[in-house]
Amino acid sequence: MPRHTNPDDSGTDSTATDQALADELGMDIGQDGADIDALQSLVGDLGDEVAPPVSSVLELLVGTIGDLQQRVDDLEDEVEQTHDVATTAVGNAATNDQRLDELETQQEATHDVAKSAIAKAQQLEADSDHQEDAEQLPEGIEPSSSPLDFFANCRQSKVKTMFVEGSNRQNTYRAISIAKRWPEFATKRTDGSGVFMTKADLQTALTAELGKEPHRQTIKRVWEKLIEIGGGDIVEKTRQVGRDQTQTEILAMDMATAEGLLEKRYVGLDLLENSDHKAATGGVTPVVVESSP
């Protein structure tokens, strides 16, 4: 009956046979493969001791072993090259990520510098208008404390014409209108010192102003416009009622400022006549202030 073997037995027997053959021929088979030069020398030494067919087979085997050994060496070189390429790629990726973070940081810094420069330029432009505007005020008329205070006290139909129809700055007009409607939508402080409005309050006010639910970007831009034209009259803060509640962003005004938005001090004074160009070009809105003595 034939003998049944498993792969492990076959591998063990093959290894033992190879080692026995090597011992018989006086060869050393190590873990790094056979010495091709030694095999070729051995085949040559056999000479006429073996039949020509056997000699030919031995030479063929030696050549095949040599080719296989060379292929193994080539594959090991390719593995090393692939490892080097992968290591370089990982290093380049890390370098690129770091460079991207640096560029984003530089962009943010540049943006902040640009905003600061624009704000300073606008303030200089506004300062150049102060004396001229103050001279137009009749005696007894209080000067404005911010662009918001100025426009809130002008005739609103003219303000709307200037910002909406004349310069397509709807969000600025919306900010002015919402600020004037603080009695409807803002919250009065318990001590009566001022009022404040959350973004949820602003959304409710815009819904009433527009007659429909405002887009999130509209809420964001009107919020920013209130801060921009409010100057020192509007302060952006955070409010937290209790420890367990999250902080809420608010826009706050003191009560005197809030009530001053409703006085209509400049209605009928035609103070907007020289402001059409500024509004159309996106420049700083005029602020009526007291002239220096």
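Our subject in this report is the structure included herewith. (Residues numbered from 1 in each chain as written. Predicted model: local features only at pLDDT ≥ 70, side-chain atom pairs only at ≥ 80, totals over all residues. Heavy atoms only, no water.)

1. Side note on the side chain of Thr198
No. 1: By secondary structure assignment, the location of Thr198 is in strand S2 (residues 194-198).
No. 2: Within the local environment of Thr198, its side chain forms a polar contact with the backbone nitrogen of Ala200, the two atoms lying 3.4 Å apart.
No. 3: Not counting chain neighbours up to four residues away, the residues in contact with Thr198 comprise Trp223, Thr248, Glu249 and Ile250. (Helix = DSSP H or I, 4+ residues; strand = E, 2+ residues; numbered from the N terminus. Polar contact = N/O pair within 3.5 Å; in protein donor to acceptor, adjacent residues only side chain to side chain. Contact = heavy atoms within 4.5 Å.)

2. Some thoughts on the side chain of Lys180
No. 1: Counting through the fold element by element, Lys180 comes out in helix H6 (residues 170-180).
No. 2: The side chain of Lys180 sits in the buried core without any salt bridge; Asp149 is the nearest counter-charge, 8.8 Å away.
No. 3: Residue contacts for Lys180: discarding those within four places in its chain leaves Ala152, Gln156, Leu261 and Leu262. (Buried < 20%, exposed > 50% of the residue type's maximum accessible area, 1.4 Å probe, protein only. Lys, Arg positive; Asp, Glu negative; His and termini not counted. Salt bridge = Lys/Arg side-chain N within 4 Å of Asp/Glu carboxyl O.)

3. Some points on the packing of aromatic side chains
The description of an aromatic ring pair uses the distance of the two centres, along with the angle that the planes make with each other.
No. 1: Evaluated as defined, the whole model comprises three aromatic pairs.
No. 2: Taking 5.6 Å as the distance between ring centres and 35 degrees as the angle between the ring planes, the aromatic pair formed by Phe150 and Tyr266 counts as tilted. With Phe150 in helix H4 (residues 147-152) and Tyr266 in the loop between helix H10 (255-260) and helix H11 (276-281), this pair connects stretches of sequence that are 116 residues apart. Tyr266 matches Phe150 in its accessibility class, with the two residues each being buried.
No. 3: Taking 4.9 Å as the distance between ring centres and 75 degrees as the angle between the ring planes, the aromatic pair formed by Phe151 and Phe163 counts as edge-to-face. In this pair, Phe151 is assigned in helix H4 and Phe163 in helix H5 (residues 156-165), connecting sequence segments twelve residues apart.
No. 4: Classification of Phe151 by relative accessible area gives buried; the value is 2%.
No. 5: Over the ring of Trp223 we find Lys199; its NZ or CZ atom is 5.3 Å from the centre of that ring. (Phe/Tyr/Trp six-rings, centres within 6.5 Å; stacked < 30°, edge-to-face > 60°. Lys NZ or Arg CZ within 6 Å of the ring centre and 35° of its normal.)

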